[in-house]
Number of protein chains: 2
Amino acid sequence: MTTAPVTLKDVARRAGVHTGTASRALNPQTRSLVNPETATKVMRAADDLGYRPNPIARGLKTNRSFTIGVLVPDLTNPLFPPIVRGIEDTLATVGYTALLANSDNDPDKERLHFETMRSRQVDAFILATAQRDHPLIEDAIVADVPIVLVNRTVESTRAFAVITDDHRSAELAVTHLFELGHTKIAHIAGPERFSTGKARYHGFVDTMKKVGLKPDRTLIRASRAFTEREGATTFRKLLDGKGEFTAVFAGNDLIALGCYDVMTETGMRCPEDVSIVGCNDIPFLDKLRPPLTTIKIPHYEMGVRATQLVLEQLQSPSAEPVTVLLEPELVVRGSTCPPGR
Amino acid sequence: MTTAPVTLKDVARRAGVHTGTASRALNPQTRSLVNPETATKVMRAADDLGYRPNPIARGLKTNRSFTIGVLVPDLTNPLFPPIVRGIEDTLATVGYTALLANSDNDPDKERLHFETMRSRQVDAFILATAQRDHPLIEDAIVADVPIVLVNRTVESTRAFAVITDDHRSAELAVTHLFELGHTKIAHIAGPERFSTGKARYHGFVDTMKKVGLKPDRTLIRASRAFTEREGATTFRKLLDGKGEFTAVFAGNDLIALGCYDVMTETGMRCPEDVSIVGCNDIPFLDKLRPPLTTIKIPHYEMGVRATQLVLEQLQSPSAEPVTVLLEPELVVRGSTCPPGR
């Protein structure tokens, strides 16, 4: 059985709306101009009649796929889901969809995903995977692929990026500990290859000096990864070293959790024996034993702003790279107290 | 400046591989047949030369987009990231990519995302959003859209689904509490509109009877949502009711966290005053105060199996719907102890 092809007019008639409204409702890019109920009605009508505009064909014509490639290191790291939600919620308002993949901080894996997404003709990328030196990102920027970095950035080239002021995060942490009376403050830094790890490390050293404390080299150790396991390993090394300390600023919350694990193992009490400050404010820290004092970074907001930058870039491809720096915030909970209490 | 179009042969020559290898490496569907290093080399060569196969044009020809639409209620609910990783890791092995969106359990929002993804011509869907009665899913199954449900399923129609044996989860929880000596056991059920909420509720009632306890209607309350806030509200109602209880089986971990909040507020001690068992085993429960006893469901594995089912369905569109039931597991931590201790 063959039937005449269903037209936009047929869809509009069935939905009881003007053809223009139907057209806007069916086009992902203009859908947000129609109220959701009407859009749903139009799409149901299109569905009932078997009408489906072909955006792949439209993609060939306008060179737009209305998709954005999003790469994160690991979605099961609780830092990333709220960033991704910020991205998706913002994309949805303009009818875009996110293609998502995990790199596990593995350059080969990342390049595979990146190329696969390019071959799917995504219109742009949002990458939460940046390392300070990052050949893939550098190459792509040179090749004019629209890219916005989020949470971490590159040093080697000028990029669009939305990050938190990580130097300031460390300043907030150290100042809090200093004001509690701590002078022997250790730092378990994140990996230096990430802008977050490096900026927090510099923020630590600079703030120690600013408040009049001498940063002690034996009390600064870099964790091999931003993970609970590596945090634990590094905290053990710190304990085995000869330096004495009463407080630790951990490079992120997962590293702080690693410190908790070792303290539980060895019978140390937090905060009585050692105060701990994390960084990021991932979910459920308020329910830990003890609740973790940390620096809250605006995860969701970073996702939103990065998406706005991507959409601006698509509209004005010649815009100049810009780094948006968002403000962190100290959240005092139960893992910090004056020393020797 | 115009140049002759770059051919597959040029790419193969530059990468130092056979044309067949280059072709397999550049095709997402066959890429897994080539070792990752070679695939990366070929894609770099293609990139250097400006060669890019056009899968959108190929999509028109073969009617495949090599993308799968994935809908979850809310990525920031810690239950979903490991499921999504299981999906993406499995898709990546066959060169597929996931389009991801959040429904917030809002049918209109879900339909918008679903239709947007269909208009992007995804090859199939994996939905973690199922309600027991679910018009969108029912319609789509009737219309032969390849769909696999994960974590939750529908009742109203025959669907491909990968879920945990939720009835068994409740059985494990109640049996654990009974063996500790509890006889006054309350249940804060999840919403009945979800298969998980309903099956766990029935598992609770059936197991109470099986061990010889009479389920007390005043001790069974349904939470309006699987959230910490609704869990707290419902636990307060339970406390305000006249029924006495020494233990609670919470419909999921977030509801259990709501119980924790109210116990902290009111000065009740867990587990001394009331034992709590959660369900799902989301991350970091081992670090709560007290560590939460719960039922571990195989999140990642559900994602993997759902993806395998999708890929099988794409190969054999006439396959019969099947529900894969995975086994939960009791994880005893610090939130349960004998009553009156």
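Scroll up for the structure.
What counts, and at which threshold
- Residues numbered from 1 in each chain as written.
- Chains lettered and ligands numbered in written order.
- Predicted model: local features only at pLDDT ≥ 70, side-chain atom pairs only at ≥ 80, totals over all residues.
- Least-squares fit on C-alpha atoms with pLDDT ≥ 70 in both.
- Contact = placed C-beta atoms within 7 Å.
- Buried ≥ 20, exposed ≤ 12 C-beta atoms within 10 Å, placed from the backbone.
- Helix = DSSP H or I, 4+ residues; strand = E, 2+ residues; numbered from the N terminus.
- Pairing = 2+ DSSP bridges.
- Right-handed = clockwise from strand over helix to strand, strands pointing away.
- Nonpolar A, V, L, I, M, F, W, Y, C, P; charged D, E, K, R; others polar.
- Expected span 1.5 Å × (residues − 1).
- Core = buried A, V, L, I, M, F, W, Y, C linked by C-beta atoms within 7 Å.
- Axes fitted to C-alpha atoms, helices over the stretch in contact; angles between N-to-C directions.

> Outline the relation of the copies chain A and chain B, listing residues and values.
Rotating chain A by 180 degrees and moving it 0.0 Å along the rotation axis overlays it on chain B with an RMSD of 0.1 Å. Read as a symmetry element, the transformation amounts to a two-fold axis. Mapped onto chain B, 100% of the interface residues of chain A again fall at the interface, so both copies present the same surface.

> How would you summarise the pairing of strand β4 (residues 147–150) of chain A if you had to cite specific residues and measurements?
Residue and element names in this part refer to chain A. Where burial is concerned, the two faces of β4 agree: the one with Ile147 and Leu149 and the one with Val148 and Val150 are both buried. Sheet topology places strand β3 (residues 124–127) next to β4; 3 bridges connect them, and they run parallel. Across the sheet, the residue bridging to Leu127 is Leu149, located in β4. Handedness of the β3-helix α7 (residues 135–142)-β4 crossover: right-handed. Direction of pairing for β4 relative to strand β5 (residues 160–164): parallel, over a ladder of 3 bridges. When the bridges of β5 are listed, Val150 appears paired with Val162.

> So what's going on with the interface of chain A and chain B? Which residues, and what values?
On the chain B side, the residues contacting the 46 residues of chain A number 46 residues. Contributions of two or more residues to the side of chain A that touches chain B are made by α3 (36–49), α4 (55–62), α5 (80–92), β2 (97–102), α6 (107–119) and α11 (253–266) of chain A. The element best represented in the side of chain A that touches chain B is α6(A), accounting for 7 residues. Of the residues assigned to the side of chain A that touches chain B, the class counts are 26 nonpolar, 10 polar and 10 charged. One ladder, built from 3 bridges, connects β2(A) with strand β2 (residues 97–102) of chain B; its direction is antiparallel. Directly across from Ala98(A), in β2(B), lies its bridge partner Leu100(B).

> A description of helix α10 (residues 228–240) of chain A should follow, citing residues and the corresponding values.
Residues and elements named next belong to chain A. Counted at 1.5 Å a residue, the expected span for α10 with its 13 residues is 18 Å, and the 18 Å between its end C-alpha atoms agrees. Those residues of α10 not exposed but buried are Glu228, Glu230, Gly231, Ala232, Thr234, Phe235 and Leu238. Its buried side turned inward, α10 meets β6 (185–189), β7 (220–222), β8 (247–250) and α11.

> Go over the nonpolar core with me, naming the residues and quoting the values.
Residues Ile147(A), Val148(A), Ile147(B) and Val148(B) are the most contacted members of the largest nonpolar core, which totals 172 residues. Those residues in contact with Ile147(B) that sit more than four places away from it in its chain are Ala124(B), Phe125(B), Leu127(B), Ile137(B), Ala140(B), Ile141(B), Ala159(B) and Phe160(B).

> Help me get a handle on the sheet that holds strand β9 (residues 275–277) of chain A, residues and values and all.
All names here are of chain A. Read across the open sheet, the 4 strands follow the order β7-β6-β8-β9; overall the sheet is parallel. This sheet does not close on itself; its edge strands, each paired only once, are β7 and β9. The average undirected angle you get between the axes of adjacent strands in this sheet is 15 degrees. Packing against the sheet, α10 makes contact with β6, β7 and β8, and its axis sits at approximately 145 degrees to β6.

> Lay out the pairing of β6(A) with the relevant residues and their values.
Side chains on a regular strand alternate between the two faces of the sheet. Residues and elements named next belong to chain A. Judged by how many residues are buried, β6 sits mostly within the fold: 5 of 5 residues are covered. The alternating pattern of β6 places Ile185, His187 and Ala189 and Ala186 and Ile188 on opposite faces, both of which are buried. For β6 and β8, the ladder comprises 4 bridges, and the chain directions are parallel. Residue pairing for β8: His187 is matched across the bridge by Phe249. Regarding the hand of the β-α-β motif, the stretch spanning β6, helix α9 (residues 195–210) and β7 is right-handed.

> Outline the sheet that holds β2(B), listing residues and values.
Taking strand neighbours across the sheet as the criterion, the 12 strands line up as β11(A)-β5(A)-β4(A)-β3(A)-β1(A)-β2(A)-β2(B)-β1(B)-β3(B)-β4(B)-β5(B)-β11(B) in an open arrangement whose pairing is mixed. Both edges of this open sheet fall to β11 (323–326) of chain A together with β11 (323–326) of chain B, since each of them pairs with a single strand only. The average angle at which neighbouring strand axes cross in this sheet is 20 degrees, direction not considered. As defined by bridge partners, strand β1 (residues 67–72) of chain B adjoins strand β3 (residues 124–127) of chain B across 4 bridges and the pair is classed as parallel. In the strand pairing of β3(B), Val70(B) is matched with Ile126(B).

Coordinates in, geometry out; function isn't part of it.
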